[in-house]
Amino acid sequence: SNIRNSRSINELFETYNYKFDWIHLDVEGLDAKLLMKLKNEYLPNFIIFEDNNLPQEEKQEIYNFFKEKSYQVHSEAGICMASKQS
């Protein structure tokens, strides 16, 4: 095993000056937590992530998070799509 330094998702975006139009995450149940840590300026127009293993309370939290930021949210068969509305 190795010990490696890690960076936050915001640090990665800042360091490499990333700006995405869409992002697709699959980080083994941590998708919602990671997305809610993104700074507003890094939130893309379209996001796909898994929500099938999230407890109901956490699902509602991420759905509300997106709705507050003017996203339309659709979840089906454990996959959630959030699309920014103009």
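Here, every reference points to the structure presented above.
To start, this report covers the structure provided alongside it. (Residues numbered from 1 in each chain as written. Predicted model: local features only at pLDDT ≥ 70, side-chain atom pairs only at ≥ 80, totals over all residues. Heavy atoms only, no water.)

The next subject is the sheet that holds strand 2 (residues 46-50). Through backbone hydrogen bonds, the strands of a sheet pair up, either in parallel or in antiparallel fashion. Strand order in the open sheet made by the four strands is 1-2-4-3, with mixed pairing throughout. Since the sheet does not close on itself, it has two edges, and those belong to strand 1 (22-24) and strand 3 (71-76), each with one partner. Direction aside, the axes of adjacent strands within the sheet are offset by 15° on average. Sheet topology note: the strand 1/strand 2 ladder contains three bridges and is parallel. Across the sheet, the residue bridging to histidine 24 is isoleucine 48, located in strand 2. (Pairing = 2+ DSSP bridges. Helix = DSSP H or I, 4+ residues; strand = E, 2+ residues; numbered from the N terminus. Axes fitted to C-alpha atoms, helices over the stretch in contact; angles between N-to-C directions.)

Looking now at helix 3 (residues 56-68). With 13 residues, helix 3 extends 18 Å between its outermost C-alpha atoms, agreeing within 8% with the 18 Å of an ideal straight helix rising 1.5 Å per residue. Listed as buried for helix 3 are Glu58, Lys59, Ile62, Tyr63, Phe65 and Phe66. Looking straight down helix 3, one finds that the buried residues subtend no more than 155° of arc, so they occupy a single side. Looking at helix 3, the residues exposed on the side facing more than 90 degrees away from the buried face are Gln56, Glu57, Lys67 and Glu68. (Expected span 1.5 Å × (residues − 1). Buried < 20%, exposed > 50% of the residue type's maximum accessible area, 1.4 Å probe, protein only. Arc of directions from axis to C-beta.)

We now examine the packing of aromatic side chains. Counting across every chain of the model gives five aromatic pairs. Relative to phenylalanine 66, the ring of phenylalanine 65 has its centre 5.3 Å away and its plane inclined at 70°; by these criteria the two rings are edge-to-face. The exposure class of phenylalanine 65 is buried, given its relative accessible area of 13%. Among the aromatic side chains, those forming a connected cluster through ring pairs are Phe49, Phe65, Phe66 and Tyr71. (Phe/Tyr/Trp six-rings, centres within 6.5 Å; stacked < 30°, edge-to-face > 60°.)

Taken together, the buried positions of helix 1 (residues 9-16) are Ile9, Asn10 and Phe13. All buried residues of helix 1 lie within an arc of 100° about the axis, which places them on one face of the element. If you follow the buried residues of helix 1, they end up packed against strand 1 and helix 2 (31-37). Looking one or two residues beyond helix 1, the residue adopting positive phi is asparagine 17, at roughly 55°. (Contact = heavy atoms within 4.5 Å.)

A contiguous nonpolar patch, built from Leu12, Tyr16, Tyr18 and Phe20 and spanning about 370 Å² of accessible area, is present on the exposed surface. Inspection of the secondary structure assignment puts tyrosine 16 in helix 1. The class of tyrosine 16 is partly exposed, set by a relative accessible area of 46%. (Patch = residues over 30% accessible without salt bridge, like charges linked within 9 Å, V, L, I, M, F, W, Y side chains within 5 Å. Areas by Shrake-Rupley, 256 points an atom, 1.4 Å probe, with all protein chains shown as cover. Salt bridge = Lys/Arg side-chain N within 4 Å of Asp/Glu carboxyl O.)

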